[in-house]
Amino acid sequence: MLNVTNTIIIDAPAAKVWDALVNPAKTKQYMFGCETVSDWKKGSKLEWTGTFDGIDLVAVTGTIIDIQPEKYLVYTAIDPNNPALKDTPERCISVTYHLTENGGATTFTVTQGDYAKVEDGERRFKEAYNDGVGWDPILVEIKKLVESN
């Protein structure tokens, strides 16, 4: 299996962390200026939209596979702007958010993959894993955002 997994503990309840994950105004603050667009229901489309070099575009698109608010979210993801990666099931990776609250703090784990099952997976895994960094910088920004409010 080729998965990127990162975990952080956030000193806030799961409801507050969840809001940071699904609220477009908040995702824009930590996800490279991108907002989430979805109705947050199983089977629905999920898009990350933003403005790059003055052009509005969809940076990532996918489908919500499973969702339980304040507990977990599983969605597929693909970069629709990469002509080498057409939006087909064999090219999509899945992303899982898992939240566990304990004593007012939330352990937030993100798993992205399995790159071993997708076309050009090893190269894509290396890009996503980025020498062991993976989601760590994004998780740190989510932590700062949630704990500061």
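The paragraphs below set out a description of the structure included in this document. (Residues numbered from 1 in each chain as written. Predicted model: local features only at pLDDT ≥ 70, side-chain atom pairs only at ≥ 80, totals over all residues. Heavy atoms only, no water.)

1. Description of the overall build of the protein chain
Filter applied, for reference: Every helix listed is a DSSP run of H or I at least four residues long, and every strand listed is a run of E at least two residues long, numbered separately from the N terminus. Every radius of gyration here is taken over C-alpha atoms, with the globule rule written as 2.2 Å times N^0.38, N being the number of residues. Note on exposure labels: buried denotes an accessible area under 20% of the residue type's maximum, exposed denotes more than 50%, and partly exposed covers the range between, all computed with a 1.4 Å probe on protein chains only.
In terms of helices and strands, the protein chain carries four helices and seven strands. Its C-alpha radius of gyration of 15 Å places the protein chain within 12% of the 15 Å reference for a compact globule of 149 residues. In terms of overall dimensions, the protein chain has a C-alpha envelope of 45 × 35 × 30 Å along the principal axes. A buried classification covers 40% of the 149 residues belonging to the protein chain.

2. Considerations on unusual backbone geometry
Omega for the bond connecting Gly-113 with Asp-114 falls within 30 degrees of zero, at -5°, which places this linkage in the cis form. For Asp-114, the position within the fold is in the loop between strand 7 (105–113) and helix 3 (121–129). With a phi close to 60°, Trp-40 is a non-glycine residue in the positive phi region. Relative to the helices and strands, Trp-40 resides in the loop between strand 2 (35–37) and strand 3 (45–52). A positive phi angle, near 50°, is found at Asp-53, a position not held by glycine.

3. Some words on the nonpolar core
Convention followed: Here, nonpolar core refers to any group of buried Ala, Val, Leu, Ile, Met, Phe, Trp, Tyr and Cys residues whose side-chain atoms link them within 4.5 Å. Throughout, a contact is declared for two residues whenever any of their heavy atoms are within 4.5 Å.
Core analysis: the largest hydrophobic core is formed by 37 residues, its most contacted members being Leu-21, Tyr-75, Tyr-97, Phe-108, Trp-135 and Ile-142. Listing elements by their share of this core, those giving two or more residues are strand 1 (4–10), helix 1 (14–22), strand 3, strand 4 (55–68), strand 5 (72–77), strand 6 (93–102), strand 7 and helix 4 (136–148). No other element matches the six residues that helix 1 contributes to this core. Beyond its immediate stretch of four places on either side in the chain, Tyr-75 contacts Leu-46, Trp-48, Thr-63, Ile-64, Ile-65, Ile-93, Ser-94, Val-95, Tyr-97 and Trp-135.

4. Some points on the sheet that holds strand 5
Where we set the bar: The pairing criterion for strands is at least two bridges between them, as found by DSSP. A fitted line through C-alpha atoms represents every axis, and for helices the fit uses only the stretch in contact; the resulting angles, taken between N-to-C directions, go from 0 to 180 degrees.
Taking strand neighbours across the sheet as the criterion, the seven strands line up as 1-7-6-5-4-3-2 in an open arrangement whose pairing is antiparallel. Since the sheet does not close on itself, it has two edges, and those belong to strand 1 and strand 2, each with one partner. On average, each strand axis in the sheet is inclined to that of its neighbour by 25°, with strand direction left out of account. Summarising the sheet, strand 5 and strand 6 pair through six bridges and their orientation is antiparallel. Each bridged residue has a counterpart across the sheet, and for Ala-77 the counterpart in strand 6 is Ile-93. Here helix 1 sits on the sheet in contact with strand 1, strand 2, strand 4, strand 5, strand 6 and strand 7, set at roughly 155° to strand 6. Contacts from helix 4 reach strand 1 and strand 7 within the one sheet, and its direction differs from that of strand 1 by about 20°.

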